[in-house]
Amino acid sequence: MGGNGKIRRWRISFHRSSSSAKKEPPQEFLCPISKSLMFDPAVVSSGETFERVCVRVCRDLGFTPTLADGSRPDFSTVIPNLALKTAILNWCSKTGSERPHPPVYSEVESIVRALMGSSDSPKIRVSERELLKAVAQTPPVLFSHAATELNPRNLYSSSSSEESVVANATPLLPFATRPSCFSYSSSPSTSSEFVSEEASSANVSSTSSGEDENFVTRMRNLDIYEQEQAVILLRKTTRSNEEARAALCSERLLFALKQLLRSRYSAVHTNATAALVNLSLEKANKIKIVRAGIVPLLIDILRNGFEESREHAAGALFSLALEDENKTAIGVLGALQPLLHELRSGTRRSRHDAALALYHLTLVQSNRVKTIKLGAAGILLGLLKDAELAARVLLVVCNLASCDEGRAALLDVNAVETLVAALRNGSESDSESTRENCVAALHSLSHGSLRFKGLARDAGAVDVLRNVVETGSKRAREKAGRILEVLRGPEEAAEVDWEAVMKDGPRHRFGRSYGANSTEF
């Protein structure tokens, strides 16, 4: 009350401060169908991530939605996206936002039915950005026709060396744990002419603090040149810097990289694939990359990509397949058939990486069965004529021969005769590992097969295996001796002193029983 006795009226306005305003979640955290923060994100075969319940409802109703970019997802396979789920929960904690709740089936069904009804009438895009995005993404791409775009601009070429890290010290498996398309050494074409010194120095400071914002911002830029420079810099930064690989492989960077893997521009597309190979070399990143839904894009590159991009895609799949947890998922997503095709028709490097990817994938029984059903037995035996590939191909053959379905399929396509002929006609230039793997494949085929003994005798295997026992390596002699024991039978085997024949090697007792998986040495 004022001094003159009048009542003062205070005008108080209430408004929400900007600091307390609700923060909008990143677009990649929202389900494309429900438009809500995802509680249980799952990657589908075509590479997109949806709320799992939304996928189930779409399946139940037989509906496939059309996404904002004009594409239609493939719901045939669903894999949990645990990395994205963790990222969503972390975002909620940092921003103080409410965590997502499990969606109710009936509510999701109402949303999907509404989409089904609206899909009957044509939609008009009001956003120019959506229209431009649809024009850029929808048309089918024939990458091979644009392959010449790389050369005029002299961009970051692969030029990888043949140096590799030996996976096993024994001569049986002298193969790399890194893809052929990767090397530590830089070629003259990878100099700073492609990325300015300022960009490089700025990148060093950002990676040292573990931030990926600079890369993500530039990769999302609508300017193609900015996208191109961003992936070239990412490729260069992650080439030999292990700390940078671990720091930069975030959920949002992988999401941005996914968009560039679909690019129709050769420089963007190729360097994005190469950068992914570098990121996949870090063990902690392998599961992240698969769960981010990138494998379907790599498969698509193997089918339709530029030649260099296919080399990197095969290398990336090989690198990802080294992680046991990824093997089944990569097979389920459909990588086996394009890898087989690349093994037959790719470049030297892509064929080597495809072979090693198939070797690691077929260590899993489900993938062995799938590979056999694709007719791989005859394909692999036909590739044994290629001296450069033979040792790697034989590794896959050994894996297939370790299961009943594989043995039956290989025996049906005359594998015994082919392998015996390879041993008989092998030249001095053939590596010892090729010879050992050939004997190992025969040893796997001999397990539990009544047909093997007759086929081996018809192919003249006894004389060839005796020669291996006399002149082969330690492992080859050991395996050949066991096969000869099978061929001769228990009574005849007792009359032969194989230990004397193998006097240069260790003494063995052939009465011992051995497991069926001959790929375990």
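Residues numbered from 1 in each chain as written. Predicted model: local features only at pLDDT ≥ 70, side-chain atom pairs only at ≥ 80, totals over all residues. Heavy atoms only, no water.

Engineer: Help me get a handle on the overall build of the protein chain, residues and values and all.
Structural biologist: Assigned secondary structure in the protein chain consists of 26 helices and three strands. By sequence separation, contacts in the protein chain at least 24 residues apart represent 72% of the contacts at least 6 residues apart. (Helix = DSSP H or I, 4+ residues; strand = E, 2+ residues; numbered from the N terminus. Contact = heavy atoms within 4.5 Å.)

Engineer: Could you give me a rundown of the sheet that holds strand E1 (residues 41–44), with the residues and numbers involved?
Structural biologist: Strand order in this open sheet of three strands is E2-E1-E3, and the pairing throughout is antiparallel. In this open sheet, the two edge strands, each paired with only one partner strand, are strand E2 (49–51) and strand E3 (78–80). Going across the sheet, the axis of each strand differs from the next one's by a mean of 40°, ignoring polarity. Note: E1 against E2, three bridges, orientation antiparallel. Within E2, the position partnered with Pro-41 by the bridge is Glu-51. (Pairing = 2+ DSSP bridges. Axes fitted to C-alpha atoms, helices over the stretch in contact; angles between N-to-C directions.)

Engineer: Can you tell me about the UniProt feature "repeat: ARM" (unreviewed entry) in the protein chain, naming the residues and giving the values?
Structural biologist: Under the present numbering, the feature "repeat: ARM" (unreviewed entry) in UniProt falls on residues 252–294 and 293–330. Here residues 293–330 is 84% helix and 0% strand, with 10 Å between the C-alpha atoms at its ends. (UniProt positions renumbered as here; feature names shortened; annotations may be inferred.)

Engineer: Tell me about the pattern of salt bridges, and please be specific about residues and values.
Structural biologist: Evaluation of the coordinates by the stated rule reveals 17 salt bridges. Among the ionic pairs, Lys-327 bridges to Asp-324, the shortest N-O distance being 2.8 Å. Pair noted here: Lys-327 and Asp-324 are both in helix H14 (residues 324–332), with a separation of three residues, about one helical turn. On the basis of relative accessible area, Lys-327 is assigned to the buried category, the value being 3%. Asp-404 serves as the salt-bridge partner of Arg-407, at 2.4 Å between the closest nitrogen and oxygen. One end of the pair is Arg-407 and the other is Asp-404, both in helix H20 (residues 404–412) and three residues apart, which spans about a single turn. (Salt bridge = Lys/Arg side-chain N within 4 Å of Asp/Glu carboxyl O. Buried < 20%, exposed > 50% of the residue type's maximum accessible area, 1.4 Å probe, protein only.)

Engineer: Could you give me a rundown of the side chain of Thr-270, with the residues and numbers involved?
Structural biologist: Turning to its location among the elements, Thr-270 is positioned in helix H10 (residues 266–280). We classify Thr-270 as buried; its relative accessible area is 1%. A distance of 2.9 Å separates a polar atom in the side chain of Thr-270 from the backbone oxygen of Ser-266. (Polar contact = N/O pair within 3.5 Å; in protein donor to acceptor, adjacent residues only side chain to side chain.)

Engineer: Lay out the confidence of the model for the protein chain in plain terms, naming residues and giving numbers.
Structural biologist: Model confidence for the protein chain is summarised by a mean pLDDT of 76, while 71% of its residues fall at 70 or above. Here residues 120–174 is a poorly scored stretch, pLDDT under 50, and it has 96 contacts once near neighbours within four places are set aside; other chains count. Long-range and interchain partners of residues 491–495, a stretch whose pLDDT sits below 50, account for three contacts in this model, where long-range means more than four residues apart. (pLDDT = per-residue confidence, 0-100.)

Engineer: Could you give an account of the packing of aromatic side chains, with specific residues and numbers?
Structural biologist: The tally for this structure, following the rule as stated, stands at two aromatic pairs. Aromatic pair Phe-50 and Phe-75: ring centres 5.3 Å apart, planes at 85°, arrangement edge-to-face. On the criterion of sequence distance, the pair formed by Phe-50 in strand E2 and Phe-75 in the loop between helix H1 (52–61) and E3 is long-range, its members being 25 residues apart. Overall, the relative accessible area of 8% leaves Phe-75 in the buried class. Over the ring of Phe-39 we find Lys-85, and its NZ or CZ is 5.3 Å from the ring centre. (Phe/Tyr/Trp six-rings, centres within 6.5 Å; stacked < 30°, edge-to-face > 60°. Lys NZ or Arg CZ within 6 Å of the ring centre and 35° of its normal.)

Engineer: Go over unusual backbone geometry with me, naming the residues and quoting the values.
Structural biologist: At Lys-35, a position not held by glycine, the phi torsion is positive, near 60°. Take Lys-35: it is sitting in the segment before E1. At Asn-414, a position not held by glycine, the phi torsion is positive, near 60°. Mapped onto the fold, Asn-414 is located in the loop between H20 and helix H21 (415–424). According to the relative accessible area criterion, Asn-414 is partly exposed, its value standing at 43%.

Engineer: Mind laying out the nonpolar core, listing which residues take part and the relevant values?
Structural biologist: Judged by nonpolar contacts, the single largest core of 99 residues is most densely connected at Met-219, Leu-339, Leu-410, Val-416 and Leu-445. With near-sequence residues (within four places) excluded, Leu-445 lies in contact with Ala-401, Arg-407, Leu-410, Leu-411, Ala-415, Val-416, Leu-419 and Phe-452. Listed in part, the 23 residues of the second largest apolar core include Met-38, Cys-54, Val-55 and Val-112. (Core = buried A, V, L, I, M, F, W, Y, C linked by side-chain atoms within 4.5 Å.)

Engineer: Break down the environment of Arg-344 for me, with residues and values.
Structural biologist: Secondary-structure assignment places Arg-344 in helix H15 (residues 336–345). Residues Arg-344 and Leu-380, 36 residues apart in the sequence, show an inter-C-alpha distance of 8.9 Å. In this structure Arg-344 touches Arg-351, Ile-379 and Leu-383, once residues within four positions along its chain are discounted.

Engineer: How would you summarise the packing of helix H7 (residues 224–237) against helix H9 (residues 251–261) if you had to cite specific residues and measurements?
Structural biologist: The geometry of H7 relative to H9 is characterised by a closest axis approach of 12 Å and an angle of 120° between their N-to-C directions. Comparing their axes, H9 and H7 come out oblique. When the axes of H7 and H9 are compared, the crossing they make is left-handed. Touching Gln-227, Val-231 and Leu-234 of H7 are Leu-253, Leu-257 and Leu-260, all from H9. Taken together, the residues of the contact of H7 with H9 break down into five nonpolar, one polar and no charged. (Parallel < 35°, antiparallel > 145°, perpendicular 65-115°, else oblique. Left-handed = near helix turned anticlockwise from the far one by under 90°. Nonpolar A, V, L, I, M, F, W, Y, C, P; charged D, E, K, R; others polar.)

Engineer: I'd like a rundown of the side chain of Thr-238, residues and numbers included.
Structural biologist: Along the chain, Thr-238 falls in the loop between H7 and helix H8 (242–248). When its relative accessible area of 0% is taken as the criterion, Thr-238 is described as buried. At 3.4 Å, the side chain of Thr-238 and the side chain of Asn-278 are in polar contact. Contact partners of Thr-238, with chain neighbours within four places excluded, come to Arg-245, Leu-248, Ala-275, Asn-278 and Leu-279.

Engineer: How would you summarise helix H11 (residues 283–291) if you had to cite specific residues and measurements?
Structural biologist: In an α-helix, one full turn covers 3.6 residues, which means residues spaced three or four apart are oriented alike. Within H11, burial applies to Asn-285, Lys-286, Ile-287, Ile-289, Val-290 and Arg-291. Residue Gly-293 follows H11 closely and has a positive phi angle near 85°.

Engineer: Outline the pairing of E1, supporting the account with residue identities and numerical values.
Structural biologist: A two-sided burial pattern is seen for E1, the buried positions comprising Pro-41 and Val-43 on one face and Ala-42 and Val-44 on the other. Counting the residues that bridge the hairpin from E1 to E2 gives four residues, and of these Gly-47 lies at a positive phi of roughly 105°. Direction of pairing for E1 relative to E3: antiparallel, over a ladder of three bridges. Counterpart to Ala-42 in the pairing with E3 is Pro-80.

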